[in-house]
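So you can see what is in the structure, the chains are spelled out below.
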Amino acid sequence: MYALEISTSEHAGIGIVSLVGEIDANTAPVLELELLPIARRYNRIILDLSAVKSVSSVGLRKILMLYRVIKVHDGQILIAGMKDDLRSIMWAAGFLNYFIVAESLQMGLAAFE
Amino acid sequence: MLDQRIDYYPTHEKDGVKYRIGRPLPLGATIVPNGVNFAIFSSAATACTLVLFKEGEEQPYCEIPFAPEFRIGNIFAINVFDVDAETLEYGFRFDGPNTAGHKFDKTKIVSDPYGKILSGRDEWGVEQYAPDVYPFRSRLMFEDFDWEADKSLNVALEDLVIYEMHVRGFTKHESSGVAEQEAGTFAGLRRKIPYLKELGINCVELMPIFEYDELEFPRTNPFTGAKLINYWGYSTTAFFAPKAGFAATGKFGMQGDELKALVKDLHKAGIEVILDVVFNHTAEGDHRGRTLSLRGIDNKVYYMLAPDGSYFNFSGCGNTVNCNHPVVRQMVKQCLQYWVAEYHIDGFRFDLASVLGRSQDGNPLSNPPLLESLSYDPILANVKLIAEAWDAGGLYQVGSFPGYGRWAEWNGKYRDDVRCFLKSDPGMVGKMALRVQGSPDLYEFRSNSASINFITCHDGFTLNDQFSYNSKHNEANGENNNDGANDNHSWNCSVEGHTQDPAINALRERQIKNAFAILLTSQGVPMLYMGDEMRRTQHGNNNAYCHDTELNWLDWSHLEKHENIFRFVQRCVEFRKAHAVLRSKHHFQNKDYLGSGKPDITFHGAKAWQPDWSDGSRALAYMLCGAHAKSGFLPDDDVYVAMNMFWEALWFEIPELDDKRKWHVFLNTGADEPSDIFDVGREPILLDQHGLLLGARSVVVLVGR
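Rules used in this analysis
- Residues numbered from 1 in each chain as written.
- Chains lettered and ligands numbered in written order.
- Predicted model: local features only at pLDDT ≥ 70, side-chain atom pairs only at ≥ 80, totals over all residues.
- Heavy atoms only, no water.
- Axes fitted to C-alpha atoms, helices over the stretch in contact; angles between N-to-C directions.
- Helix = DSSP H or I, 4+ residues; strand = E, 2+ residues; numbered from the N terminus.
- Parallel < 35°, antiparallel > 145°, perpendicular 65-115°, else oblique.
- Left-handed = near helix turned anticlockwise from the far one by under 90°.
- Contact = heavy atoms within 4.5 Å.
- Buried area = accessible area lost by both parts, 1.4 Å probe.
- Salt bridge = Lys/Arg side-chain N within 4 Å of Asp/Glu carboxyl O.
- Polar contact = N/O pair within 3.5 Å; in protein donor to acceptor, adjacent residues only side chain to side chain.
- Nonpolar A, V, L, I, M, F, W, Y, C, P; charged D, E, K, R; others polar.
- Pairing = 2+ DSSP bridges.
- Phe/Tyr/Trp six-rings, centres within 6.5 Å; stacked < 30°, edge-to-face > 60°.
- Buried < 20%, exposed > 50% of the residue type's maximum accessible area, 1.4 Å probe, protein only.
- 1 Å grid on protein atoms, 1.4 Å probe; cavity = no way out; pocket = protein on both sides within 12 Å on 5 of 7 lines; lining within 4 Å.
- Points joined across faces, edges and corners; volume = space filled by probe spheres on them.

Trainee: Could you give an account of the packing of helix α8 (residues 412-422) of chain B against helix α11 (residues 502-519) of chain B, naming the residues involved and the relevant values?
Mentor: All names here are of chain B. Interhelical geometry of α8 versus α11 gives an angle of 140° and a closest axis separation of 11 Å. Taken together, the axis directions place α8 and α11 in an arrangement best described as oblique. The crossing of α8 and α11 is right-handed. Counting all contacts with α8, which are made through Tyr 414, Val 418, Phe 421 and Leu 422, the residues of α11 involved are Gln 511, Asn 514, Ala 515, Ile 518 and Leu 519.

See below:
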């Protein structure tokens, strides 16, 4: 049983990945398997992190990987519900500006529309 | 196709870890398609074992002895399959002799000299691992930062205004306004880029940011009992690794990304990045020191040893890196190449650089192979190379450092002569004439840009303290005030330390302005020290290397208190950038080689055209001919600088301008604020075009247009 639940859906051509739990060295490989096909299929993706308790360095790398894959076809990623500490880390590491940021999934959908 | 290659598959297995022979180059740990390739040099080891850890665990999960066939020449090479590069920590165990200068110890695990990340101090001041197993551990780094279109700014050396700074000290103080989790980090510095832009500098020189152990000192502050900290960091533990403790993301292992994000944004702001690098010694110290890396890998190769096997100590820090050994100089060169290619660093200032010119037996070389190879290296072709051209073994090479037309030097003579002139010492006028024109006496066959001019730096008093203390006050360092320089050429303006006396405070303030005015109009490359622009004080401590306290952290409330000094410095920097005549690459010829009507530089005294070179003189003026700016390629206004360090006011007759142009007053440190300095380009006309009364211990700068 992984400490991360991953659910995927689609809304108006936007791929939505909702995560519940922790993204760490144990759960990140599974996340990668789920994310890669979505990154290739959709041009716009929302990553809903509002129920994510913590993200380790490995998890940060996976989010970055998602960006690199989608950038190949000029896609965009919106991160919804990101906690302040994660936002601070992503800013410090220099890749917050690769993503669109929204407070919640609903606001993210509105932002994309 | 890769899996069809025979070398895709392992040949050996131990404890479930699969491996095969590796490739000897590149040295270090390299992520390859099916795992990680490890390659490490040792000429004298009899055996080597790769030791693998999972992040956070005290004990290794696997130790793999290198099979005899895995040793290619003097390099041990192994390719380990299916390792988790994110969480792997690794090291090596070497066996070999422990006599005649060798220091092999198979009970110790040592880190990779080429390691790109070193864990152990992921958070500043926090000991991660017990010291007895493997406290400082090599790690892999992902080199996937998105630089977009960032490239080197390639600002000409003579056009730089350098700001020497300490990453942690810049934003650690709560007055910085930086959020707690970013205070004292690369990210914190990045938040403050707008301040650096406002100040106007176009280059930061970061005091050491290679990994070091801030907890290495056993001593305590004799007054507070608090542990003394290696705050400055001139004590490298990993040459290729940025200091995690300087990164808000250090505990995520993302210090590399954070530093790159800083460099990228500094470049966007037009600011270059020079690193202060310490190759002269390492944190392993002398024979009593810890075995962390080089000592346990190949002591006789990496360190300079006396015939009896003891350490030569040209660094004053216990050991001396054997920089001109072919293997060691290769490592130094590859390290610098890596920082340029991977981190987009624009230049390096080499701590105690004279060590880099010593032979393996310690003698100074006339043509040191390391310095020559750095000078002609294609990857380092456009970066700035700056020497601290002396060492602790008595070698003093200011003006004679082997430069190969590339190297600049911290001009210690500029510092000393300007300090002496500022405190009205006799016999300084002739020396000042040389210092303000780029020290042609020292750099006759080089250019002005060989001279990095500075009055203060991390070593010594802050500029505020230079005029507040006659003597050092280093008791808190726990060395009975025996450490730190004694030849400070400082002057307390008649009271030692803080005073309420308004006359003394006014004099100190004027002296600070005099110093900035002289520094920022001198030919050469000016370097400012962090906080001097807001009168930072260390309360008379002139060697504050060991205090991670408010003594060192920049107190930003000074900015409000001394806004007048900040404004003064800011305008001086702007004036320098606006006037090419102050930034000549080539030495002046003391003649009119363009037919403009006057020579490129002329000297004056209280009487125009008649400088007083006598011993008792404390006054000097000079005029720069704008037509000769940048050797005539970038014509500029004329500039006249008058310096009166006599203790009474003097009337200075000014050379007349030869056409309809007029002298305008840019600054006059003897004038009351706000008339001490004016906006660049909006300087008021000097009322009497024939002369001016220059106050006691004052500097005037005029611009003729």
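Trainee: A description of the interface of chain A and chain B should follow, citing residues and the corresponding values.
Mentor: Listed per partner, the contact involves 19 residues of chain A and 19 residues of chain B. Between chain A and chain B, roughly 1,800 Å² of surface is buried when both sides are summed, and carbon and sulfur atoms account for 53% of that area. On the chain A side of the interface with chain B, the three residues burying the most area are Arg61(A), Trp91(A) and Ala92(A), jointly 37% of the side's total. Remark: the boundary between chain A and chain B carries four salt bridges. There are ten residue pairs in polar contact (both at pLDDT 80 or more) connecting chain A and chain B. At the level of secondary structure, the elements contributing two or more residues to the side of chain A that touches chain B comprise α2 (57-71) and α3 (84-92) of chain A. Examining the composition of the side of chain A that touches chain B, we find that eight residues originate from one element, α2(A), more than from any other. Tallied by class, residues from the side of chain A that touches chain B come to twelve nonpolar, four polar and three charged.

Trainee: Talk me through the sheet that holds strand β16 (residues 272-277) of chain B; I want residue IDs and the actual numbers.
Mentor: Residues and elements named next belong to chain B. Spatially, the eight strands close up into a barrel ordered β12-β13-β16-β17-β18-β19-β20-β21, and their pairing is parallel. Within this sheet the neighbouring strands show an average axis-to-axis angle of 25°, counted without direction. In the packing of α11 onto the sheet, the strands contacted are β20 (451-454) and β21 (525-529), and the crossing angle to β21 comes to about 150°.

Trainee: Describe in detail the packing of aromatic side chains, supporting the description with residues and values.
Mentor: Residues and elements named next belong to chain B. Using the criterion set out here, one finds 48 aromatic pairs over all chains in the structure. Taken together, a centroid distance of 4.4 Å and an interplanar angle of 25° make the contact between Trp 339 and Tyr 343 stacked. Placement of the pair is Trp 339 and Tyr 343 together in helix α6 (residues 326-343), with a separation of four residues, close to one helical turn. A residue is classified by how much of its surface remains accessible, and Trp 339, at 0% relative accessible area, is buried. Given the relative accessible area of 0%, Tyr 343 is considered buried.

Trainee: Summarise the layout of surface pockets; cite the residues concerned and give the values.
Mentor: Over the atoms, a rolling probe the size of a water molecule traces out where space has been left empty. Residues and elements named next belong to chain B. A volume near 1,300 Å³ is recorded for the largest pocket. Lining the largest pocket are 42 residues; nearest its centre among them are Trp 232, Ser 315, Gly 316, Cys 317 and Asn 543. Across the lining of the largest pocket, the residue classes tally to 14 nonpolar, 15 polar and 13 charged.

Trainee: Please give an account of the pattern of salt bridges that cites residues and values.
Mentor: All chains considered together, the criterion is met by 49 salt bridges over all chains. Residues Lys513(B) and Glu673(B) are paired through a salt bridge, measuring 2.6 Å at the closest nitrogen-oxygen approach. Pair noted here: Lys513(B) is in helix α11 and Glu673(B) is in the loop between β26 (663-668) and β27 (691-694), with a separation of 160 residues, a long-range link. On the basis of relative accessible area, Glu673(B) is assigned to the partly exposed category, the value being 37%. A salt bridge links Lys598(B) to Asp658(B); the shortest N-O distance between them is 3.6 Å. Taken together, the residues span a long stretch of sequence, with Lys598(B) in the loop between α13 (563-578) and β22 (601-604) and Asp658(B) in the loop between β25 (650-653) and β26 at a distance of 60 residues. Lys598(B) sits in the buried class, given a relative accessible area of 9%. For Asp658(B), a relative accessible area of 47% gives the class partly exposed. Among the charged side chains, a network of salt bridges with common partners joins Arg61(A), Arg68(A), Asp144(B) and Asp257(B).

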